Amino acid sequence: MSNGLRKIELLAPAKNLECGIAAIDHGADAVYIGAAQFGARQTAGNSAEDIAELTRYAHQFGAAVYVTVNTIVYEKELAALEHLLKQLVEMGVDAILVQDMAVLEIYKKLKAEYVARGYRMPALHASTQTDNRSADKVKWLKENGFERVVLARELSLEEITDIHKAHPDVELEAFVHGALCVSYSGACYASQYFFNRSANRGECAQFCRMAFDLKDSDGETLIEDSYLLSLKDMCQLDRLGDLLEAGVCSLKIEGRLKDANYVKNVVATYSEALNAYIAKHTGKYCRSSYGRCTYTFTPALEKTFNRGFTHYFFNGRQKDISSFNTPKAMGEYVGYVKEIRRGSFNVAGTAMFANGDGLCFFNRQKKLEGFRVNRVENNRLFPLTMPKNLEPGMALYRNNDIEFERAMQGKTATRKLQVRFVVDVVDGKLTFTATDECGRSANVVLNETPEKAQKSQHDNIVKQLEKLGNTVWTANGISINNSADEFFIPSSRLAAVRRELLEALENTPVSNHTDKQAVDRTATNSVNANNTVYADTINIANVANTTAQNYYAAHGVKNAPTAFELNSDYKAGSTTATSAVPPLMTCRYCLRYALGYCVKNGGKRPTWHEPLHLEAKNGIRVRLAFNCAKCQMEVYAE
C-alpha cells in the first residue's frame, strides 16, 4: 500500500536485456526474465551480468525484476540450481518464479545464511506452471511461503474474485495479454510424448499449433486439415478495471519469446490504459513504480503480432476462443478487394498503405496466403507477385505495417522521474536539496562563505539546476528561499552541485526495495505437516527429484505424481499400451463445445460416434475424451 492506495503492477516479458529495458522505458512496473537455466522458455536464457544490469536499471524507477526458475529440475541439476539461486540473491532480484518445490527447499536452506549477511531475499512467486486454479491450491502455496500466485489463464472473473476473497493476503497475478496454451499450464505432455521436448523444461514444440483432421470412431472425417487446438491470443485491455476490483495486483503480459517492438507497443498500450483507469478512480489505486513515459509513436495493439483476440474464459465459456483456419498472425483488417486488374487491385476501405506492407487473405479453401506490396498508388496496390487465389470481395489483413515498424525503430520512449530542488540559506551557508518522486532526498551544503551578487542570481540558479540532460530526472519546480538568490554562485559551481545531488539520489535505493516488509517476507509461514491436502488441490506435481518428493511428503501431499518426463515408456512408439499413458493434455477448452455440440450447455446433440480423434499429416493421432463432470477435454495418446 502507498498512502492507503493499492499498488498495481504492469508486468512485462523480457526475452533479453534489450527487451527488459524497453519494457521499463515504456511503462512496465516489473519485468520477468529467464536465467541461463531452468526457465520455461529455454531459448530465452540470459547471463547473470545482463540480469544484474536489468535489475540496476529497473530499480532506479522502483520497478521490479522477477526471474523465472520455473521448470522441473532433475536430480543431477540440483547443485547447478543452488548455484543459480545464490547468484540471484546476490544480484538483488525481487522475486523468483517457481514450479519445482526443490527450488523452495534450497531457497529455505540459503535464507538463514544470506539474511545473516545482510541480503534481502527475493520473494517467492508460484508460477502458473504449478497449475493454480483453486482457492485450496492458493491456500497450500501460501502456507508454504509463496507471497504471490500466478493464476491459471483459464479462470473466470468470478473464480478470481472468489480466490481473492478466500485469501486476501495473497498477491494474485493474472495474465492479460498474449498467446494461450490450450492445456492447463504444467499439465501438457504432448510435446514430450511425440517430440521428446518437454513443455515443463521450456522446450515446447507447440503441438497445439498443428493442423489436424477430426475423425469419429467410424473413421469418418468431420473436419479436414484445421488447427483445431490453436487458440486466439488473450486481450483483456477492456477488462483491467474488473481484474483490479477482483483483487488482482499484477497484470501480466505474455511474450518472453517476442522481440523488443512487441514489448514496446503492448506495454505502452496497457500502461496508458492502466493510467487512465487509475486516474478515473482517484484515491483507490496507484502504480507500483515511478516515472512518467512519453512515446514517439501511437500505441496500437492491432499493429503487433496476434492471432485475433479473445477474453478466453473471463466471462465464462465462449465459442470464439479458437482459430481453426490459421495459427499465424493475421494482423489488422484493412478492407476488402474491390476490383482486380492484371498485376494490381484496389481496396475498399479507409486504410493507408505503403511500399513493403505485408498483406494476407483467406482463400476459398480457408487457407491463409500472404504477399508483399511492391508499389502503392492511392488505394491501388501492386504486389511483388500477384496472388493467384485473390478474388474480389475477399477480406484483407495487414500483418506487417512497414510504416509502423519504421516508427518503432530506435529509441521510442523516455521515462523520467520528477525531482524538486530547494535552495536555502541555513546558518549562513547556502544549502541545496533535491527530492524526487520516489521519496529519495539528497543535500549539498556549500562551506565557503557566499559573496553578495550585484544582481539577482535567480534565473541562473534555475537554468543550471534544470540542466538535467540525459539523466532519468526532469525538474518539477525549484524553490529559492531566504534570499538565497542574492548570493553569487559561479555556473560551474552550480553544475557541480547539481551533479553531486543527482549522484547521491542515484546511489540511494528506492524504498520499494529496502523496506522492512521486503525482509520480513522471507520468513516462511508455518505449515502443519500433518494437514494432508485433498488430491485435487495439487492437480499436478511433476516431481522430478527426491528433494521435491520429500518436500511434498513433508507438507501434506502424499504420493505426489512423478514427472511424466521420467517415465521412458511415455513416448510415441513405446511398446507400453497407450491406455497406461496419462492424459497428454488437460484442457478447459472443449472442441465439442466450440463446434456447438455441448449438450450440457444447450448445444446440438452430436450425430457422430465417439470417441473422436485428431489425426495430423505426419501420422500423429490422439483420442479426445470429454469429461463433462469437470467440464474439461482430455487428450490421450492413441
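Residues numbered from 1 in each chain as written. Predicted model: local features only at pLDDT ≥ 70, side-chain atom pairs only at ≥ 80, totals over all residues. Heavy atoms only, no water.

Attention now moves to the overall build of the chain. Counting its regular elements, the chain contains 16 helices and 30 strands. Since a compact globule built from 638 residues should have a radius of gyration of about 26 Å, the 28 Å found for the chain is in line with a globular shape. Principal-axis analysis of the C-alpha atoms places the extent of the chain at approximately 100 × 75 × 40 Å. Within the chain, the proportion of its 638 residues that are buried is 55%. (Helix = DSSP H or I, 4+ residues; strand = E, 2+ residues; numbered from the N terminus. Rg over C-alpha atoms; globule rule 2.2 N^0.38 Å. Buried < 20%, exposed > 50% of the residue type's maximum accessible area, 1.4 Å probe, protein only.)

This part takes up helix H6 (residues 157-166). Considered for burial, the residues of H6 that qualify are Ile160, Thr161 and Ile163. Along the axis of H6, the buried residues cluster in a sector spanning 160°; they form a single face. Those residues of H6 that are exposed and aimed more than 90 degrees away from the buried face are Glu158 and Lys165. Buried residues in H6 make contact with helix H5 (135-143), strand E7 (171-178) and helix H8 (240-246). (Arc of directions from axis to C-beta. Contact = heavy atoms within 4.5 Å.)

To continue, consider the pattern of salt bridges. Evaluation of the coordinates by the stated rule reveals 40 salt bridges. Residue Lys139 pairs with Glu143 through a salt bridge whose shortest N-O separation is 2.8 Å. Here Lys139 pairs with Glu143, and both are found in helix H5, just four residues apart, close to one helical turn. Residue class for Lys139 comes out partly exposed when judged on its relative accessible area of 32%. We note a salt bridge from Glu391 to Arg364, for which the minimum N-O separation is 3.0 Å. Taken together, the residues Glu391 in the loop between strand E19 (380-383) and strand E20 (395-400) and Arg364 in the loop between strand E17 (358-362) and strand E18 (368-377) connect sequence positions 27 residues apart. Overall, the relative accessible area of 26% leaves Glu391 in the partly exposed class. Look at the salt bridges and you will find they share partners, linking Glu9, Arg148, Glu171, Glu173 and Lys252 into a network. (Salt bridge = Lys/Arg side-chain N within 4 Å of Asp/Glu carboxyl O.)

A word on the environment of Val462. In this structure, Val462 sits in helix H11 (residues 458-465). Owing to a relative accessible area of 18%, Val462 belongs among the buried residues under this scheme. Between the alpha carbons of Val462 and Leu494 there is a distance of 9.7 Å; along the sequence they are 32 residues apart. Look past the residues within four positions of Val462 in its chain and what remains in contact with it is Ile478 and Ile480.

This part takes up the sheet that holds strand E8 (residues 212-215). If you trace the six strands from one edge of the open sheet to the other, you get E9-E8-E28-E29-E30-E27, paired in antiparallel fashion. Single-partner strands in this sheet number two, and they are strand E9 (221-226) and strand E27 (585-587). Across the sheet, the axes of successive neighbouring strands diverge by a mean angle of 20°, strand direction being ignored. Where strand E28 (residues 612-615) and strand E29 (residues 621-627) come together, four bridges link them in antiparallel fashion. For Leu614, the partnering residue across the bridge sits in E29 and is Val622. (Pairing = 2+ DSSP bridges. Axes fitted to C-alpha atoms, helices over the stretch in contact; angles between N-to-C directions.)

To continue, consider the packing of H11 against helix H12 (residues 491-506). At a closest axis distance of 9 Å, the pairing of H11 and H12 adopts a crossing angle of 40°. On the basis of their axis angle, the class for H11 and H12 is oblique. In terms of crossing hand, the pair formed by H11 and H12 is right-handed. Judged by residue contacts, Asn460, Ile461, Gln464 and Leu465 of H11 engage Ser491, Leu494 and Arg498 from H12. Across the contact of H11 with H12, the residue classes break down as three nonpolar, three polar and one charged. (Parallel < 35°, antiparallel > 145°, perpendicular 65-115°, else oblique. Left-handed = near helix turned anticlockwise from the far one by under 90°. Nonpolar A, V, L, I, M, F, W, Y, C, P; charged D, E, K, R; others polar.)

Cis geometry marks the peptide bond from Glu610 to Pro611, where omega comes out at 10°. Turning to its location among the elements, Pro611 is positioned in the loop between helix H16 (591-594) and E28. Here Tyr312, not a glycine, exhibits a phi torsion of approximately 60°, which is positive. Turning to its location among the elements, Tyr312 is positioned in the loop between strand E14 (309-310) and strand E15 (332-341). By relative accessible area, Tyr312 is classed as buried at 1%. Positive phi outside glycine occurs at Cys631, with the angle close to 55°. Mapped onto the secondary structure, Cys631 falls in the loop between E29 and strand E30 (632-637).

A few words now on helix H2 (residues 48-59). For H2, which comprises twelve residues, the first-to-last C-alpha distance of 16 Å matches the rise-based estimate of 16 Å (1.5 Å per residue) to within 8%. Among all positions of H2, only Ile51, Leu54, Thr55, Tyr57, Ala58 and His59 are buried. Buried residues belonging to H2 abut helix H1 (17-25), strand E2 (30-34), strand E3 (64-69) and helix H3 (78-91). (Expected span 1.5 Å × (residues − 1).)

For the chain, the mean per-residue pLDDT works out to 93, and 95% of the residues sit at or above 70. Every residue in residues 515-531 is under pLDDT 50, and counting partners more than four places away or in other chains gives 29 contacts. (pLDDT = per-residue confidence, 0-100.)

In this structure, Val31, Val69, Leu81, Leu251, Tyr270 and Phe432 are the most contacted members of the largest nonpolar core, which totals 115 residues. With residues up to four places along the chain from it excluded, the contact list for Val69 reads Phe38, Leu81, Leu84, Leu88, Ile96, Leu97, Val98, Gln99 and Val103. By size, the runner-up hydrophobic cluster in this structure holds 57 residues, among which are Leu180, Cys188, Tyr597 and Val635. (Core = buried A, V, L, I, M, F, W, Y, C linked by side-chain atoms within 4.5 Å.)

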